[in-house]
Amino acid sequence: MQITEKAWLEYITKMSQISQKAADLMQAYVQKHGFADDKALLDYAFALSQRYGQAIGALSCKMYEATASAQGVVVPTAEIADLPEYGEVAKAVHGTMKQSQTNVPSTIARLVKQVGADTTLKNAMRDGAQFAWVPHGDTCAFCITLASRGWQHRSKKALRNGHAEHIHAHCDCEYAVRFDGRSTVAGYDPDKYLEEYNNAGGDINAMRRIRYKENKEAINARKRELYAKRKAKTIEKTPRSAIMESDLGMFKQKLRSDGNMDKEYYDCLKDKFSHGTDDAKRLFTKYASGDSIENAVYENTAHYNTKTKKISMNYGADLKNPRGAGATWFHEHGHLVDDLAGNLSDDKNFIQLLESDSLSYRIAYGKAHHLGTFDKVDKAISEELGDMRKDSAISDLFDGVTQGNIIGCASHPKEYWKNRDNVTSEAFAHMFEAQFDKERYEQMKKYFPNALEYFEKKMKEAL
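The notes below deal with the structure included here. (Residues numbered from 1 in each chain as written. Predicted model: local features only at pLDDT ≥ 70, side-chain atom pairs only at ≥ 80, totals over all residues. Heavy atoms only, no water.)

## Some remarks on the sheet that holds strand β8 (residues 303-305)
With mixed pairing, 3 strands are arranged side by side in an open sheet as β7-β9-β8. Of all the strands in the sheet, just β7 (293-295) and β8 have a single pairing partner and so form its edges. Adjacent strand axes in the sheet meet at a mean angle of 35° when their direction is disregarded. One ladder, built from 3 bridges, connects β8 with strand β9 (residues 310-312); its direction is antiparallel. Residue Asn 305 lies in a different strand from β9, and its bridge partner there is Lys 310. Along the sheet face, helix α13 (residues 327-340) touches β7, β8 and β9 and points at about 25° away from the line of β8. (Pairing = 2+ DSSP bridges. Helix = DSSP H or I, 4+ residues; strand = E, 2+ residues; numbered from the N terminus. Axes fitted to C-alpha atoms, helices over the stretch in contact; angles between N-to-C directions. Contact = heavy atoms within 4.5 Å.)

Dropping the structure here:
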């Protein structure tokens, strides 16, 4: 017997919908109430884990019993695995909040999904059935490694601390079972997964790099799709004024929770945020409202760390920033949003529009000032971009796009621009920062109008 692709897809889709519903409700709660009342937050999170854990466990039992029946096996009534205890939910939520509050909904989805996996696995071990981890979609390297083990018999290694191993949100992989030693799931190919594992030298990190390189565009598109769904229903039903008020409220709460934030810097950032564009504020709330700063007195160049998902910068220096007070804070959070939203800047159309806008401006400038060569045009534009307050972002982008032919008041080292992904990454951060600074926004619109329009379209798509 073989579980058909259609039947398996229907099953994992229902499983995914249950865990995603829990995540959506958690997101809606956070959007409305924030994180100030910890007890209320945990009570709600626990209630979701119980309700939707019960639902996903029941679905797992139904699939388990249907599989046994189809294979002509009579088994005792399947039992739902233990639901998360209050302390377990609290530990998971608090642990997530230390990294990023924006990931709390995903944590609830994981806790719910865990019940489904535990249910299948514990019943299989009770009845002596074989089980296999069946990957689906944009499967991570560790899931592929588990899948490469093939059909397994009862083993203490299958459960760690009473739970099935490696259960995470945004994953459509699930356990399948069989009782006859022959049945399988259509498309499940453990030999292929094992070959992939061996080709990477048994190194999961190497597998991650290989898989990302091969499926870069598809993976990023899927990430954007998943993130976009998180708040769609809530945003559709929530009045615009309420959204704006909620965004500002969560922003102020984020700043107040930062022990390194003095009143002057707080007022500066709050004022910039309140005057930002609606889409930028919503995008910030969606991806950057959690704990995002790991060092607020950093003495070297400010930067966003893709490994820790946090920012190192100097608040005091940013308050006196010649680019405008708070510019660095919003710029680095632009990098954070870009990364957490699924590398939005990694887009061929984006770099093409940046290059096209650059060329169009240079040609128009040359004609307007009767300059016959690009050397003369580039030199003149470089001299034009001399005001740090207005032009630093534009100068930096021209430097990157033209590979150093145009350098005004601000730039990056030449080596930095050899990686063309850095051009779009910086463009995203500059354009995000400009959403909170009218003067710098107008400059961006003047020099890179089409790229800016495309950036703003991608912001909407990510909401």
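That was the structure; now back to the text.
## Comments concerning the nonpolar core
Counting 61 residues, the largest nonpolar core has Trp 329, Phe 350, Leu 354, Phe 398, Met 431, Phe 432 and Phe 448 as the members making the most contacts within it. When sequence neighbours within four positions are dropped, the list of residues in contact with Phe 432 reads Ala 280, Leu 283, Phe 284, Phe 330, His 333, Gly 334, Val 337, Phe 455 and Met 459. One finds Ile 3, Tyr 29, Leu 42 and Ala 147 within the second-largest nonpolar core, a separate group that totals 39 residues. (Core = buried A, V, L, I, M, F, W, Y, C linked by side-chain atoms within 4.5 Å. Buried < 20%, exposed > 50% of the residue type's maximum accessible area, 1.4 Å probe, protein only.)

## Regarding unusual backbone geometry
Backbone geometry places Asn 343, a non-glycine residue, at a positive phi of 55°. One non-glycine residue, His 370, lies in the positive phi region at around 55°. Overall, His 370 belongs to the exposed group, its relative accessible area being 72%.

## Considerations on the pattern of salt bridges
One pass over the structure, following the stated rule, counts 18 salt bridges. Measuring nitrogen to oxygen at the nearest pair gives 3.1 Å for the salt bridge that ties Asp 291 to Lys 310. Of the two residues, Asp 291 sits in the loop between α11 (278-288) and β7 while Lys 310 sits in strand β9, which places them 19 residues apart along the sequence. The exposure class of Asp 291 is partly exposed, given its relative accessible area of 36%. Looking at Lys 310, the relative accessible area reads 11%, which means it is buried. Among the ionic pairs, Arg 362 bridges to Asp 378, the shortest N-O distance being 2.8 Å. Of this pair, Arg 362 sits in helix α14 (residues 348-368) while Asp 378 sits in helix α15 (residues 374-384), and the two are 16 residues apart along the sequence. (Salt bridge = Lys/Arg side-chain N within 4 Å of Asp/Glu carboxyl O.)

## Regarding the packing of α11 against helix α19 (residues 449-462)
For any two helices packed against each other, the geometry comes down to the angle between their axes and how far apart the axes lie. Two numbers describe how α11 lies on α19: the axes approach to 10 Å, and their chain directions differ by 45°. Here α19 runs oblique to α11, going by the angle between their axes. Once α11 is placed against α19, the crossing between them reads as left-handed. Facing α11, whose interface residues are Asp 279, Ala 280, Leu 283, Lys 286 and Tyr 287, α19 presents Met 459, Lys 460 and Ala 462. The class makeup of the residues in the contact of α11 with α19 is 5 nonpolar, no polar and 3 charged. (Parallel < 35°, antiparallel > 145°, perpendicular 65-115°, else oblique. Left-handed = near helix turned anticlockwise from the far one by under 90°. Nonpolar A, V, L, I, M, F, W, Y, C, P; charged D, E, K, R; others polar.)

## Examining the packing of aromatic side chains
For the structure on display, the rule yields 27 aromatic pairs. Centre to centre, the rings of Phe 251 and Phe 330 are 6.3 Å apart; their planes meet at 15°, and the pair counts as stacked. Placement of Phe 251 in helix α9 (residues 240-256) and of Phe 330 in helix α13 is noted, with a sequence separation of 79 residues between them. Residue Phe 251 shares its accessibility class with Phe 330, and that shared class is buried. Between Phe 428 and Phe 455, the aromatic rings sit 4.9 Å apart at their centres with planes inclined by 75°, giving edge-to-face as the arrangement. One end of the pair, Phe 428, is in helix α17 (residues 421-434); the other, Phe 455, is in helix α19, with 27 residues separating them in the sequence. Here the two residues Phe 428 and Phe 455 agree in accessibility, since each one is buried. Through pairs of rings, three or more aromatic residues link up here, namely Phe 251, Phe 273, Phe 284, Trp 329, Phe 330, Phe 432 and Phe 436. (Phe/Tyr/Trp six-rings, centres within 6.5 Å; stacked < 30°, edge-to-face > 60°.)

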